[in-house]
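Descriptive analysis of the structure
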Amino acid sequence: LGKSQAGFSIPMADVAGISLSNTAQRVLTGVVATPIILLCVFVGGLPFMFVVLALASLGVTEFHLLAKNRLSQGSTLIGVPMLVAIGLAFHFGEPLLLVTALLAGTALTFILELLRHQNLRRGLAQVLMTLAGTLYLAFPAGFLISLRGLPGGTERISTGVFWILLVLCVTW
């Protein structure tokens, strides 16, 4: 079975029984994902937020899996819901939800890891890695969500759509 560095299987090669090169997989993913992403960019609102948060959730999961079985792995169990709460805070403009998500996520990770390992040093390392992974992905995702929601623009394209398309062009 094909595996990525983080341990995810590569379903295309497994299901089709075809061995695809890394480049072919990336091209195929781009051909399938690009229209979906662009549609969500133009629609905006909840569909855009869901796509951004889904991709960021995959990213935080992979971030934690890269450190699997190490002292400072981080908690995907806490990190993903914390990321989603932060994304919702950006979407709805609720800074109190953002602060609550960070504080609750930190406390829950610490309690969870102390119960699992009974080791203060490891618990602190897990908390820090959970926060690092979540902040690394949640804030850029939240900024994209906020950027898409910018008002203004022309009758053909809103300011938020323009900026998101610019970000996509620069980063892709």
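Residues numbered from 1 in each chain as written. Predicted model: local features only at pLDDT ≥ 70, side-chain atom pairs only at ≥ 80, totals over all residues. Heavy atoms only, no water.

Secondary-structure assignment places leucine 103 in helix H5 (residues 95–117). Spatially, the C-alpha atom of leucine 103 lies 18 Å from that of glycine 93, the residues being 10 residues apart in sequence. (Helix = DSSP H or I, 4+ residues; strand = E, 2+ residues; numbered from the N terminus.)

As a further point, take the side chain of glutamine 73. Note that glutamine 73 resides in the loop between helix H3 (45–65) and helix H4 (76–92). Judged by its relative accessible area of 19%, glutamine 73 falls in the buried class. (Buried < 20%, exposed > 50% of the residue type's maximum accessible area, 1.4 Å probe, protein only.)

It is worth spelling out the nonpolar core at this point. Core analysis: the biggest nonpolar cluster contains 28 residues, and Val41, Met82, Leu83, Ile86, Leu98 and Leu102 have the highest contact counts within it. Mapped onto this core, the elements with two or more residues apiece are helix H2 (22–43), H3, H4, H5, helix H6 (120–148) and helix H7 (159–171). Per element, the largest residue contribution to this core is eight residues, and it comes from H4. (Core = buried A, V, L, I, M, F, W, Y, C linked by side-chain atoms within 4.5 Å.)

Once that is clear, we can look at the packing of aromatic side chains. Within this structure, the stated rule accounts for five aromatic pairs. Taking the centre distance of 5.4 Å and the plane angle of 85° together, the rings of phenylalanine 90 and phenylalanine 143 count as edge-to-face. Of this pair, phenylalanine 90 sits in helix H4 while phenylalanine 143 sits in helix H6, and the two are 53 residues apart along the sequence. Judged by relative accessible area, which is 18%, phenylalanine 90 ranks as buried. (Phe/Tyr/Trp six-rings, centres within 6.5 Å; stacked < 30°, edge-to-face > 60°.)

Together, Leu38, Phe42, Leu150, Ile157, Phe162, Trp163, Leu166 and Val170 make up a nonpolar patch on the protein surface, roughly 700 Å² of accessible area in all. Mapped by element, the contributors of at least two residues to the nonpolar patch are H2 and H7. Residue contributions to the nonpolar patch peak at four residues, all from H7. Relative to the elements of secondary structure, tryptophan 163 occurs in helix H7. (Patch = residues over 30% accessible without salt bridge, like charges linked within 9 Å, V, L, I, M, F, W, Y side chains within 5 Å. Areas by Shrake-Rupley, 256 points an atom, 1.4 Å probe, with all protein chains shown as cover. Salt bridge = Lys/Arg side-chain N within 4 Å of Asp/Glu carboxyl O.)

Contact geometry of H3 with H4 gives a least axis separation of 9 Å together with a crossing angle of 150°. Considering their axes alone, H3 and H4 lie roughly antiparallel with respect to each other. The hand of the H3/H4 crossing is right-handed. Contacts between H3 and H4 involve Gly45, Leu46, Met49, Leu53, Ala56, Ser57, Val60, Thr61 and His64 from the former and Thr76, Val80, Leu83, Val84, Gly87, Leu88 and His91 from the latter. Its residues assigned to classes, the contact of H3 with H4 comprises nine nonpolar, seven polar and no charged. (Axes fitted to C-alpha atoms, helices over the stretch in contact; angles between N-to-C directions. Parallel < 35°, antiparallel > 145°, perpendicular 65-115°, else oblique. Left-handed = near helix turned anticlockwise from the far one by under 90°. Contact = heavy atoms within 4.5 Å. Nonpolar A, V, L, I, M, F, W, Y, C, P; charged D, E, K, R; others polar.)

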